[in-house]
Amino acid sequence: MLLHADHLTIKFGGLTAVKDLDMQLNKGELVGLIGPNGAGKTTAFNMITGVYAPTQGKVLLEDKDITGKKSPTAPGMRPDQITALGVARTFQNIRLFTNLSVLDNVIIAHHLHLKSSLMGAVLRLPGYRREEKEMREKAIQVLKAVGLEKLYKEEAGNLAYGQQRRLEIARALATNPKLLLLDEPAAGMNPQEGEELMQFIEAIRKDFDLTILMIEHDMKVVMGICERIYVLDHGETIAQGTPNEIQTNSRVIEAYLGVDASA
Amino acid sequence: MKKETKILAIIVTIGTIAFLFFANQFFDGYKIRIMNLAAINIILALGLNIINGFAGQFSLGHAGFMAIGAYTGALLTLSPSAKQMNFFIDPIISPLANFQMGFLPAIIIAALVTAVFAFMIGVPVLRLKGDYLAIASLGFSEIIRVVLTNLQSLTNGSLGLKAIPSYINLFWSWGFAFLAIIFTFFLINSSYGRAFKAIREDEVAAEAMGINLFKHKIMAFVIGSSMAGVGGALFASLLTAIDPNIFKFALTFQILLMVVLGGMGSISGTIVSATIVTIMMEWLRIVESPMTIGSLTIPGISGMRMVIFSVLLMAVILFYPKGFMGTREITWDFIQEKINRLRKKGKNETLQKDEV
Ligand SMILES: Nc1ncnc2c1ncn2[C@@H]1O[C@H](COP(=O)(O)OP(=O)(O)OP(=O)(O)O)[C@@H](O)[C@H]1O
Ligand SMILES: [Mg+2]
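Note that the structure is a prediction, hence the values are computed from the model and not measured.

## Digging into the overall build of chain A
(1) Moving on: Tallying secondary structure elements over chain A gives 10 helices and 10 strands in all.
(2) Moving on: Relative to the 2.2 N^0.38 estimate, which gives 18 Å for 263 residues, the radius of gyration of chain A is 19 Å and therefore close to what a compact globule would have.
(3) Moving on: Structurally, chain A occupies a C-alpha span of about 65 × 45 × 30 Å along its principal axes.
(4) Moving on: Just so you have it, chain A exposes about 12,000 Å², and 49% of that area is on carbon and sulfur atoms.
(5) Moving on: On chain A, the mean spot of the 30 positive side-chain charges and the mean spot of the 33 negative ones are 8 Å from each other.

Pasting the structure below:
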């Protein structure tokens, strides 16, 4: 098992955003995490990546405890440490380094593996120059994989929306993850773009040997490519199983219809 | 860097060096003093820009770190007899009394001592963000000043230090300014500099990319502050007399002004604006001295310069929210773009005239 979210609960004041989430991901799986607005999907990601510490429960990556810190001095892992261990993510509301170039956005992901010291980097010692060259080459490769290599000089903020989404995925891939968490990667895309993106995600899973957990708002989008699906509603895991099982699950239908009725 | 920009940089450097030799020969003491001050301000402003502009940590503690550098430099270069003269209320503590060293080692030690203090202050302060960080760093800067006022047998308290050896000349000041520029350039364009910029752009994303936020914030803070230490040591040698009151918030504000005007996150912008602001500061002394226009005598209003600069700062923030250069640098392409735009403007105007 690659990831085990072991009975995670998180409370914000009186609100229980996620309640007793128990999720297990096997190596190489592509798993969906769906649910209506405010179900707690992003919050679950934030707990897995150490942005939030769960009120109860823990997160295990290959049996290693990677649960986040409650405060800077509390025990637990920082988000950057979790990234270094092989968990990368994208954000629901794109968070690129908008004033930096496309290439720099990706190269930054290699900084955590940098061996050269500050002095070595400032003095541009041979060791650093070699590392910088390697980082650059790897970044270009990743940009090629997502089809953005021609735009490498462009400021990230100037890219089209779909390109920004792909750049965010490229940046996450560049950290060299085992587990990739995608938070609504198809948000804001039309059905055709969404379909293309799903094929792209399927492809990078193979090429980069990844396990992927993907949040999606729209149930139909994930049905096609996810092997298993977890469904959250009001923080509770109301169902889990194969797409077919989920589609016919009465609680899921109810949750989604409820949303539709109120929308 | 593009080849043209490199050539441009080399030409500007050679031009500046030639100008320094010229100035050293022919300029009077007053002008040389202003040029020294400009160089020192470049060092100080670059330091602050690393913290505020590149790493995005809005710190207002620069004057405090300058003070530490200035006092360290002064105490290390003062001769034993001068120290005896200075410390007539309380004698100076023994190891320092008979101690004297050259300018260069004193500056280096000033940088290191400042770095140590910056680290100790940075650890608690950099846990804070935005306004809280600004206020806390400002508070620590004031605390440094209060401590310096009260350590009678180390700093001579509010009496300050006088007869500091005036080693400084154009080559010392501009030599260090060049070092600071080159250092900042290589730092900002290294992987560490990229990490600073990523933190400035988006902390959450930077952390998700595996960047240790705290470590890099501390790094930027310590580097920028120790540049303030170097600037402070040079400043003390330029003034030859220092006391704690020099290092009030107004000094930080002055340097912040240079950074904001030039562009938070622009090295060349900082260099240009530090130089211009320094010269204007001197030139605007006119408005603070009594003036006679015809039979009317206007008394000088001290502090008028800062009023003018505050108004200027507000105007810039309104019209150029990112300073004149923003995060851009003055490169060959940038200059060409500006020239092209001016040309087009000229053409459009002539066209319009033709139509009329
Ligand atoms: N830091 C926080 N403080 C307080 N409440 C929070 C916090 N983060 C999330 N919440 C609350 O937790 C609940 C779940 O939010 P979350 O963002 O995880 O939903 P989601 O499933 O991702 O929804 P969406 O589809 O809209 O993205 C919401 O009610 C939200 O307001
Ligand atoms: Mg969400």
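Now that the structure has been shown, we can carry on.
## Re the coordination of the magnesium ion (ligand 2)
(1) Moving on: Each protein donor to the magnesium ion (ligand 2) is listed here as Thr42 of chain A (OG1) and Gln92 of chain A (OE1); together their distances run 1.9 to 2.1 Å. In this pair, threonine 42 of chain A is assigned in helix α1 (residues 41-48) and glutamine 92 of chain A in the loop between β6 (87-89) and α3 (102-107), connecting sequence segments 50 residues apart.

## Observations regarding empty space enclosed by the protein
(1) Moving on: If you walk through the whole model with that rule in mind, you get 2 cavities of 30 Å³ or more.
(2) Moving on: If you add up the space inside the largest cavity, you get close to 60 Å³.
(3) Moving on: What lines the largest cavity is Thr49, Val51, Pro79, Ile82, Thr83, Val87, Arg89 and Phe91 of chain A together with Val204, Glu207 and Ala208 of chain B.
(4) Moving on: Among the secondary structure elements, those contributing two or more residues to the lining of the largest cavity are α2 (79-84) and β6 of chain A together with α11 (203-208) of chain B.
(5) Moving on: Classifying every residue of the lining of the largest cavity by side-chain character gives 7 nonpolar, 2 polar and 2 charged.
(6) Moving on: Of the volumes computed, that of the second largest cavity is approximately 30 Å³.
(7) Moving on: In terms of lining, the second largest cavity is formed by Met1, Leu2, Leu3, His4, Leu60, Glu62 and Asp63 of chain A.
(8) Moving on: Taken together, the residues of the lining of the second largest cavity sort by class into 4 nonpolar, 1 polar and 2 charged.

## Points about the site of ligand 1
All names here are of chain A.
(1) Moving on: Close to ligand 1 lie 14 residues; Asn37, Lys41, Thr42, Thr43 and Gln92 are nearest.
(2) Moving on: Glycine 40 places a main-chain nitrogen or oxygen 2.9 Å from an oxygen atom of ligand 1.
(3) Moving on: Separating an oxygen atom of ligand 1 from a side-chain N or O atom of threonine 42 is a distance of 2.7 Å.
(4) Moving on: A total of 630 Å² of accessible area belongs to ligand 1 in isolation, and the protein chains cover 65% of it.
(5) Moving on: Going through the elements one at a time, β2 (15-25) and α1 are the ones with two or more residues in the shell around ligand 1.
(6) Moving on: With 3 residues, the top contributor of residues to the shell around ligand 1 is α1.

## Some details on the interface of chain A and chain B
Interface size is commonly expressed as the accessible area that is lost once the parts come together.
(1) Moving on: Residue-level contacts link 32 residues of chain A with 28 residues of chain B.
(2) Moving on: Taken together, the links from chain A to chain B amount to 3 salt bridges.
(3) Moving on: Aspartate 104 of chain A is the partner of arginine 194 of chain B in a salt bridge, and the nearest nitrogen-oxygen pair spans 3.9 Å.
(4) Moving on: At the surface where chain A touches chain B, the tally comes to 9 residue pairs in polar contact (both at pLDDT 80 or more).
(5) Moving on: Contributions of two or more residues to the side of chain A that touches chain B are made by α2, α3, α4 (118-122), α5 (126-145) and α6 (161-174) of chain A.
(6) Moving on: It is α4 of chain A that contributes the most residues to the side of chain A that touches chain B, 4 residues altogether.
(7) Moving on: Classifying every residue of the side of chain A that touches chain B gives 17 nonpolar, 7 polar and 8 charged.

## What to know about the packing of aromatic side chains
Residues and elements named next belong to chain B.
(1) Moving on: Under the definition given, this model contains 10 aromatic pairs over all chains.
(2) Moving on: With 5.7 Å between their ring centres and 80° between their planes, phenylalanine 19 and phenylalanine 27 make a pair best called edge-to-face.
(3) Moving on: Residue classification places phenylalanine 27 among the partly exposed positions, given a relative accessible area of 24%.
(4) Moving on: An angle of 75° between the planes, with centres 5.6 Å apart, marks the rings of phenylalanine 185 and phenylalanine 186 as edge-to-face.
(5) Moving on: The exposure class of phenylalanine 185 is partly exposed, given its relative accessible area of 29%.
(6) Moving on: Members of the aromatic cluster, each reached through a chain of ring pairs, are Phe19, Phe22, Phe26 and Phe27.

## What about the side chain of aspartate 6 of chain A?
All names here are of chain A.
(1) Moving on: Summarising the element assignment, aspartate 6 is placed in strand β1 (residues 3-12).
(2) Moving on: For the buried aspartate 6, no salt bridge exists, and the shortest N-O distance to an oppositely charged side chain is 4.9 Å, to lysine 58.
(3) Moving on: With residues near it in sequence (within four places) discarded, aspartate 6 still touches Leu21, Asp22, Gly57 and Lys58.

## Side note on unusual backbone geometry
(1) Moving on: Backbone geometry places histidine 234 of chain A, a non-glycine residue, at a positive phi of 50°.
(2) Moving on: Mapped onto the elements of the fold, histidine 234 of chain A is located in the loop between β9 (228-233) and β10 (236-241).
(3) Moving on: Backbone geometry places asparagine 156 of chain B, a non-glycine residue, at a positive phi of 65°.
(4) Moving on: With respect to the helices, strands and loops of the structure, asparagine 156 of chain B is situated in the loop between α8 (152-155) and α9 (170-188).

## Structural notes on a nonpolar patch on the surface
All names here are of chain A.
(1) Moving on: A contiguous nonpolar patch, built from Phe12, Leu15, Val51 and Tyr52 and spanning about 330 Å² of accessible area, is present on the exposed surface.
(2) Moving on: With respect to the secondary-structure elements, tyrosine 52 resides in the loop between α1 and β4 (56-61).
(3) Moving on: For tyrosine 52, a relative accessible area of 30% gives the class partly exposed.

## Overview of the layout of surface pockets
(1) Moving on: When its volume is computed, the second largest pocket comes out at roughly 710 Å³.
(2) Moving on: Lining the second largest pocket are 21 residues, with Pro72 and Pro79 of chain A together with Lys129, Glu207 and Leu213 of chain B positioned closest to its centre.

## Some points on the pattern of salt bridges
(1) Moving on: By the definition in use, this model includes 18 salt bridges over all chains.
(2) Moving on: Of the charged contacts, one joins glutamate 202 of chain A and arginine 205 of chain A as a salt bridge, the two residues approaching to 2.9 Å between their closest N and O atoms. Of this pair, glutamate 202 of chain A and arginine 205 of chain A both sit in helix α7 (residues 191-207), 3 residues apart, which is roughly one turn of that helix.
(3) Moving on: For arginine 205 of chain A, a relative accessible area of 11% corresponds to the buried category.
(4) Moving on: Here glutamate 201 of chain B makes a salt bridge to arginine 200 of chain B, at a shortest N to O gap of 3.3 Å.
(5) Moving on: Under the relative-accessibility criterion, glutamate 201 of chain B is labelled buried at 19%.
(6) Moving on: Relative accessible area serves as the criterion here: at 21%, arginine 200 of chain B is assigned to the partly exposed category.

Rules and cut-offs
Residues numbered from 1 in each chain as written. Chains lettered and ligands numbered in written order. Predicted model: local features only at pLDDT ≥ 70, side-chain atom pairs only at ≥ 80, totals over all residues. Heavy atoms only, no water. Helix = DSSP H or I, 4+ residues; strand = E, 2+ residues; numbered from the N terminus. Rg over C-alpha atoms; globule rule 2.2 N^0.38 Å. Areas by Shrake-Rupley, 256 points an atom, 1.4 Å probe, with all protein chains shown as cover. Lys, Arg positive; Asp, Glu negative; His and termini not counted. Charge placed at Lys NZ, Arg CZ, Asp CG, Glu CD. Donors = N, O, S within 2.8 Å, 3.2 Å for Na, K, Ca; no water. 1 Å grid on protein atoms, 1.4 Å probe; cavity = no way out; pocket = protein on both sides within 12 Å on 5 of 7 lines; lining within 4 Å. Points joined across faces, edges and corners; volume = space filled by probe spheres on them. Nonpolar A, V, L, I, M, F, W, Y, C, P; charged D, E, K, R; others polar. Near = heavy atom within 4 Å. Polar contact = N/O pair within 3.5 Å; in protein donor to acceptor, adjacent residues only side chain to side chain. Contact = heavy atoms within 4.5 Å. Salt bridge = Lys/Arg side-chain N within 4 Å of Asp/Glu carboxyl O. Phe/Tyr/Trp six-rings, centres within 6.5 Å; stacked < 30°, edge-to-face > 60°. Buried < 20%, exposed > 50% of the residue type's maximum accessible area, 1.4 Å probe, protein only. Patch = residues over 30% accessible without salt bridge, like charges linked within 9 Å, V, L, I, M, F, W, Y side chains within 5 Å.

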